[in-house]
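Residues per chain, in single letters:
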Amino acid sequence: MILHHIQTSTKQDNALACCIKYMDKQDSILFSGNGINSLLLSQWRERLAGFKIMVLIDDVEARGLSQRLQDYTLIDYDTFVQESLTHDKVITW
């Protein structure tokens, strides 16, 4: 079970596309930084359906996106650390 950490927007690079290619259904994705912008695009929301998605709440609030991303699991840094420990591996894309 892998925690995939996406930090960049799909407009910046192809990290999310690569990540999805290698994901298993039991894996999780954590979005932070500009990576959360990917969740605003319907094409990515559709491709991510069925995966466990988490988003760092500080980055959501800093961008004023709390209302638009309320359907996702919003986590703080302490929960991020806990998730890192419960997964076998963390890959930052």
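The residue count restarts for each chain, going from 1 along the sequence in the order it is written. Confidence filtering applies because this is a predicted model: local features only for residues at pLDDT of at least 70, side-chain atom pairs given and counted only at 80 or more, and all residues used for totals across whole chains, interfaces and linings. As a rule here, side-chain values come from all non-hydrogen atoms in the structure, and water together with hydrogens is ignored.

K.L.:
Help me get a handle on the overall build of the protein chain, residues and values and all.
P.N.:
What the protein chain contains, in helices and strands, is 4 helices and 5 strands. Taken against the 2.2 N^0.38 rule, which gives 12 Å for 93 residues, the C-alpha radius of gyration of the protein chain at 12 Å falls within 12% of a compact globule. Structurally, the protein chain occupies a C-alpha span of about 30 × 30 × 20 Å along its principal axes. Counting the 93 residues in the protein chain, one finds 41% classified as buried. Helix and strand assignments come from DSSP, with helices taken as H or I runs of at least 4 residues and strands as E runs of at least 2, each series counted from the N terminus. Here the radius of gyration uses the C-alpha set of atoms, whereas the globule reference equals 2.2 Å times the residue count to the power 0.38. Type-normalised accessible area, obtained with a 1.4 Å probe on protein chains alone, sets the label of each residue: buried when under 20%, exposed when over 50%, and partly exposed for intermediate values.

K.L.:
Tell me about the side chain of Thr8, residues and numbers included.
P.N.:
You can see Thr8 is positioned in the loop between strand 1 (2-6) and helix 1 (15-22). Contact criterion: two residues are considered in contact whenever any of their non-hydrogen atoms come within 4.5 Å of each other. When near neighbours in sequence (up to four residues on either side) are disregarded, Thr8 contacts Asp13, Ala15, Asn34, Gly35 and Ser38.

K.L.:
Which residues make up the sheet that holds strand 4 (residues 73-75), and what are the values?
P.N.:
The criterion for strand pairing is that DSSP finds at least two bridges linking the strands in question. Taken in spatial order, the 5 strands make up an open sheet running 4-3-2-1-5, and their pairing is parallel. Each edge of the sheet is formed by a strand with only one pairing partner; in this case those strands are strand 4 and strand 5 (89-92). Shown here is a sheet whose adjacent strand axes are inclined to one another by a mean of 25°, direction ignored. As defined by bridge partners, strand 1 adjoins strand 2 (residues 28-31) across 4 bridges and the pair is classed as parallel. Its bridge partner lying in strand 2, His4 is registered against Ile29. Helix 1 rests against strand 1 and strand 2 of the sheet, and its axis sits at about 165° to strand 1. Think of each axis as a best-fit line through the C-alpha atoms, taken over the contacting stretch in the case of a helix, with angles from 0 to 180 degrees between the N-to-C directions.

K.L.:
Explain the pattern of salt bridges to me, and be specific about the residues and the numbers.
P.N.:
When a carboxyl oxygen of Asp or Glu lies within 4 Å of a side-chain nitrogen of Lys or Arg, that pair is called a salt bridge. On inspection of all chains with the given rule, the structure shows 2 salt bridges. Residue Lys52 pairs with Glu83 through a salt bridge whose shortest N-O separation is 3.6 Å. Here the residue Lys52 occupies a position in strand 3 (residues 52-56), and Glu83 occupies one in helix 4 (residues 77-86), the gap between them amounting to 31 residues.

K.L.:
Summarise helix 1; cite the residues concerned and give the values.
P.N.:
Along helix 1, the residues that are buried comprise Ala15, Leu16, Cys19 and Ile20. Buried residues of helix 1 fall within an arc of 130° about the axis and therefore sit on the same side. The outward face of helix 1, more than 90 degrees from its buried face, is lined by the exposed residues Lys21 and Tyr22. To obtain the arc, one takes the directions from the helix axis to the C-beta atoms.

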